[in-house]
Amino acid sequence: MAAGGEERRGTGPQKEVAYNRLLPYGSRLEAEAACLLACIKGNLGRAVQLRELWPGGLFWTRKLATYIRLYGRKFSKEDHVLFIKLLYELVTIQKLEISMMQGFARLLINLLKKKELLSRDDLELPWRPLYEMLERILYSKTEHLGLNWFPNSVESVLKTLVKSCRPYFPENATAEMLDEWRPLMCPFDVTMQKAITYFELFLPTTLPPELHHKGFRLWFDEFIGLWVSVQNLPQWEGHLVNLFARLATDNIGYIDWDPYVPKIFTRILRSLNLPVGSNQVVVPRYLTNAYDIGHAVMWITAMMGGPSKIVQKHLSGLFSSIASFYHPSNNGRWLNKLMKLLQRLPSSVVRRLHRERYKKMTWLTPVPDSHKLTDQDVTDFVECIIQPVLLAMFSKTGSLEAAQALQNLALMRPELVIPPVLEKTYPALETLTEPHQLTATLSCVIGVARSLVSGGKWFPEGPTHMLPLLMRALPGVDPNDFSKCMITFQFIATFSTLVPLVDCSSVLQERDDLSEVERELCSATAEFEDFVLQFMDRCFGLIESSTLEQTREETETEKMTHLESLVELGLSSTFSTILTQCSKDIFKVALEKVFNFAVSNIFETRVAGRMVADMCRAAVKCRPEESLKLFVPRCCSVITHLTINDDVLHEEELDKELLWNLQLLSEITRVDGKKLLPYREQLVKILQQTLHLTCKQGYILSCNLLHHLLRSTTLIYPTEYCSVPGGFDKPLSEYFPIKDWGKPGDLWNLDIQWHVPSSEEINFAFYLLDTFLQPELTKLEHHTEGKLEMSRDDVQQSLSIVHNCLIGSGNILPPLKGERIAHLVPSLVSLEETKLYTGVDYDLSRENHRETIARITRKLLHYILDNSEDDTKSLFLIIKIISDVLQFQGSHKHEFDSRWKSFNLVKKSMENRLQGKKQHIRALLIDRVMLQHELRTLTVEGCEYKNIHQGMIRDLLCLSTSSYGQVRNKAQQAFFTALGTYNFCCRDIIPLVLEFLRPDRQDVTQQQFKGALYCLLGNHSGVCLANLHDWDCIVQTWPAIVSSGLSKAMSLEKPSIVRLFDDLAEKIHRQYETIGLDFTVPKKCSEIAVLLQKSEHPSTNLTMLTSEEIQLGIQRQKEKNAEALQNYENLVNMLLDCVEQRNLPWKFEHIGIGFLSLLLRDDRVLPVRAIRFFVQCLTHDAIVVRKMAISAVAGILKQLKRVHKTVPICPYEVSKYLIMFKVSPSDFLKIPSSTSLLIKHPVFCEFFKVLMF
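Calculation rules
Residues numbered from 1 in each chain as written. Predicted model: local features only at pLDDT ≥ 70, side-chain atom pairs only at ≥ 80, totals over all residues. Heavy atoms only, no water. Helix = DSSP H or I, 4+ residues; strand = E, 2+ residues; numbered from the N terminus. Contact = heavy atoms within 4.5 Å. Areas by Shrake-Rupley, 256 points an atom, 1.4 Å probe, with all protein chains shown as cover. Lys, Arg positive; Asp, Glu negative; His and termini not counted. Charge placed at Lys NZ, Arg CZ, Asp CG, Glu CD. Salt bridge = Lys/Arg side-chain N within 4 Å of Asp/Glu carboxyl O. Phe/Tyr/Trp six-rings, centres within 6.5 Å; stacked < 30°, edge-to-face > 60°. Buried < 20%, exposed > 50% of the residue type's maximum accessible area, 1.4 Å probe, protein only. Lys NZ or Arg CZ within 6 Å of the ring centre and 35° of its normal. Core = buried A, V, L, I, M, F, W, Y, C linked by side-chain atoms within 4.5 Å. Disulfide = S-S within 2.5 Å. Polar contact = N/O pair within 3.5 Å; in protein donor to acceptor, adjacent residues only side chain to side chain.

Asker: Can you break down the overall build of the protein residue by residue, with the values?
Answerer: Along the protein, the regular secondary structure elements total 54 helices and four strands. Overall size of the protein, expressed as C-alpha extent along the three principal axes, is 120 × 85 × 70 Å. In the protein, the proportion of contacts linking residues at least 24 apart, taken out of those at least 6 apart, comes to 81%. Summed over all atoms, the accessible surface of the protein reaches about 55000 Å², with 52% contributed by carbon and sulfur. Measuring between centres, the 142 positive side-chain charges of the protein sit 8 Å from its 144 negative side-chain charges.

Asker: Explain the pattern of salt bridges to me, and be specific about the residues and the numbers.
Answerer: Per the stated rule, a full pass over the model turns up 57 salt bridges. D841 is the partner of R28 in a salt bridge, and the nearest nitrogen-oxygen pair spans 3.8 Å. Here R28, found in the loop between strand 1 (15-16) and helix 2 (29-49), pairs with D841, found in the loop between helix 36 (792-809) and helix 37 (849-867); they are 813 residues apart in sequence, far enough to count as distant. R1169 is paired through a salt bridge with D1137; the nearest N and O atoms lie 2.6 Å apart. Placement of the pair is R1169 in helix 50 (residues 1168-1177) and D1137 in helix 48 (residues 1107-1139), with a sequence separation of 32 residues. One salt-bridge network, in which partners are shared between bridges, spans E781, E785, K787, R855 and K859.

Asker: Lay out the packing of aromatic side chains with the relevant residues and their values.
Answerer: Applying the stated criterion to the full structure yields 46 aromatic pairs. Judged by centre distance (5.3 Å) and plane angle (90 degrees), the ring pair of F220 and W257 falls under edge-to-face. With F220 in helix 10 (residues 220-229) and W257 in the loop between helix 11 (237-250) and helix 12 (261-271), this pair connects stretches of sequence that are 37 residues apart. For the pair F220 and W257, one class covers both residues: buried. Within the aromatic cluster, the residues linked to one another by ring pairs are W127, Y131, Y139, F169, W181, Y198, F199, F202, W219 and F223. Between the NZ or CZ atom of K730 and the centre of the ring of Y735, over which it lies, the distance is 4.9 Å.

Asker: Describe in detail the nonpolar core, supporting the description with residues and values.
Answerer: Of all hydrophobic cores here, the largest spans 405 residues; its most connected members are F202, W257 and F381. If sequence neighbours within four positions are ignored, W257 has contacts with F220, I224, F244, L247, A248, I264, W299 and M303. Within the second largest apolar cluster, 19 residues are counted, among which are L23, I716, L747 and V929.

Asker: Tell me what's going on with the state of the cysteines, and back it up with residues and numbers.
Answerer: Scanning all chains against the criterion turns up zero disulfides. Its sulfur unpaired, C165 is 14 Å from the next cysteine sulfur, which belongs to C1085. On the accessibility criterion, C165 (0% relative accessible area) is buried. For C444, which is in no disulfide, the shortest distance to another cysteine sulfur is to C384 and amounts to 18 Å. Given a relative accessible area of 0%, C444 falls into the buried group.

Asker: Outline the side chain of K1147, listing residues and values.
Answerer: The topology assignment puts K1147 in helix 49 (residues 1146-1158). A distance of 2.6 Å separates polar atoms of two side chains, one belonging to K1147 and the other to D1062. In this structure, K1147 is in contact with L1052, V1058 and D1062, ignoring residues within four places of it in sequence.

In structure tokens:
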């Protein structure tokens, strides 16, 4: 009741992320979110009132974006509206720096994304500021002259912003837009394109029916008449079609399209540009001006249904005419369009059905009952499209589009879609000579798998096909055909995920109330055990043919190839899915089989060993207690027996049996930590025996065991992924598994079984750290102090142990502490770090191993650099340790990104888009909750930059300028990641990097010089130090790059250095965006910021600003503007000083002139000295410089061009005067000058002179 009351008052949350509640610490997140939101509201409002766009405004808007990512739109409707209004005002500031504008615009788009949350009554946004901004940026009169530099992404960001704001334009906006852009509409002029583009982008089409007379009815007849009358497919016609498609979708049932349907389908068919006849020449113009398939599909879908059924008739005709083009033997550049049409049309119809039948009602105009799609409409649609889809299954472009089309069609009418697909699949499973046919049909069956297994009223016999399909797919596990093997794994995993593999045949004797299909399924389930065992035999055959001895020559690498790693992933995930879904009886048989296979063979540890170990890990993960009883004692006894002799410790090459058992033991410990505790003594003993083996392969496997033990006992993770909560270990009299075939998970009754570290596990983890980490750190410290002599191999072994301890226990080690580096950026607003709870309560009474590792590793680094810099392997490990000490809290970003991507792929392939409402399978929902936990773990943006971070980043910089290329490369990657993590640390690091480029330095080597240039260049996705959008930074970096041409370490004879400078200059030119000089904040922004700070639910703890504080903020803003202008002029003068040096090499002169040309602006005239320089360059010897000078001088002339005075004149007044007094044009010129100034204006005089002649 309370929640309902909150919703009515608008104080409850708008839409929160549902998965947060399912986390084991979900109860604590309510208070955390409220505290964080209050902090964001208070500080963002404060920053805007103090006119501090940077750093305060940008910092807290980024915090808001992070908040939305973590909690969703968990704020009241009042706050939602205020956030939108504030960001709208910020985005539309006249002279806002383009990078800031993009940041604000992306956040505003995110806030407006769920338009059902805010109705037109809640929010109204003016359209004209957006239009003026688009006109200023997209149709800039100065960009082509180099006076403005906009990023490539700005167009898409601005257009998306307009689309997001469009539903909230005022009701009279349509009339105003027509008045504004109608004068541009001349079909014979280029302005027509501009007008139609604006109309497509801006015209609102979601007005309620009672306001249609103020909306589309003002322009529809005119625009549709224009479209009908134009036959030559001009460029703007596509935009007009996009507008009609949107209009039709938003107003289904309110527009009569029937008169235009024949012409619409004719034009769409023409737009497909299909070759007809034997010698058809394709006109290139049609390729560029053709309709967008996505919008054409929207238009067709919106017109379907209704009383007339004319659209379905024409749609059937369309597919009849183009069906032959889908035949696999046909190919051409038109095929992509046809496949896109086939893929998107069923998806669009499903979306419309979802809107009409399942979606919750919102303020948006509903579809009238008379125009809703009926079951017969759906059947007719499926029947007309199914034949082209079945042909497209075997297309030369692949079967992906057909599979997606079949997935959507099967949601609507499985009884019409699945039988013909199965008719093609069964023969394909029998044939050996057409592997393409098999992979295509299997990928399509995967698409319809959920509809097939679910059965339901439309296709009740569907589930009976599952087991025959699984049994016949087993030969696809073929080591000689990679693509067939992978699609088979995907096929088996998909069906196994949807179905509990439980033998229900005994139910036939116990129950007599079963349907015919259920009886058939019960008898078929007796084959599940046979299927699992046959699958395992196939996998064992695959593994035996994948050993190194079978697949490699002696000279080849021993590492896994990419294909082998994909097969390993497919094998392990499929086997894991099967065992997860197995009943206890089937699992026991499978466990015994995999155990016997693992212990009766000895595998090499590179390829086959990894695959077998993965299978064993899958078994142990599913039922740890039964599995660990078999594996751990066996592995431990073998390892103990083989290491009983001390000579083994010093052997360079270890016995294969020892290595295999170590690998097996290290993998099977990746399970629920609580289940490992009974074996801790045995496992610790194994670690003591093997961690200090001389053989590198041996101690690396032992380090993996230590790593996995620590992770298993310290991390939070789900322990089971069954398709049904509680598993299948219930008597068949109480639980009938067949009822759960294809059943979706219930988000609010997931009953996730979490592993949350107990105090016993935490104590065991710290015992492992004290036993194995502490001695290694002590040894390394003694080595750096000269008290202990260690060989390089010993140092590497110790570092490997330290690194594995760190990444194993990173979750329970508190972050580094230290003093914050102050004065990097002045701010009147708090820039505090966001601290998120991730289920870990740090034990601060214990020693912080993270700080100890950081301190000793840094000491060791300096010792190695002073005494043995060529020990690159140790340096590689030190770089890894420093990187993980700085970043790692339990998850790596790249692993998380990979899992997020695969989650989305699986979700897309198995989701039910017809019903929506998160009707995903249970395993997928559990995976999403786990990803939410990892997302919280990885949210370390905006970290405070402390002195300990400063020291470690400087160490990475030192390694980034090492003498060894590989060390530089690895260190630079860690360096760039660290720069992107800590706030404003770039300002601290840039002067240190530029030290290596100083011309007066005599002690810089070429390697250091190259390393420094790479540090400035950055990587593909990270920070580029040479091109930060900040005057304080580029005023240092650009002159330093140009003057580095005089450095002793610079050599134009080295191609690598020349290439580096070319890349650096090219990247700066490509990424540079005009940096702002004016950071003025309008008063309207401050007024909204005050309302935001005053709003409640939650209320901010910060006091309101006094008038003195606000005046100080305004003063600081003026100072910042003056400082930016001073920096701009200083940069221009410094670059001129650099390029005018007589002994500067020509390449650096060109780079410097290129930088100067970037500094031309439309809001500030270039200093006189720079103008003179460019004019002199017009006659330069080098053609490159002359071209740059010509372009720059054109921009300068535009800057210096006088503003023409414009006088408004009214032609109606003139015409009235002429008519009233019957004055001819020749007599007009004789009118005395005392007459109205407007009538005697020179423009009119000239006009009438022309008229006379």
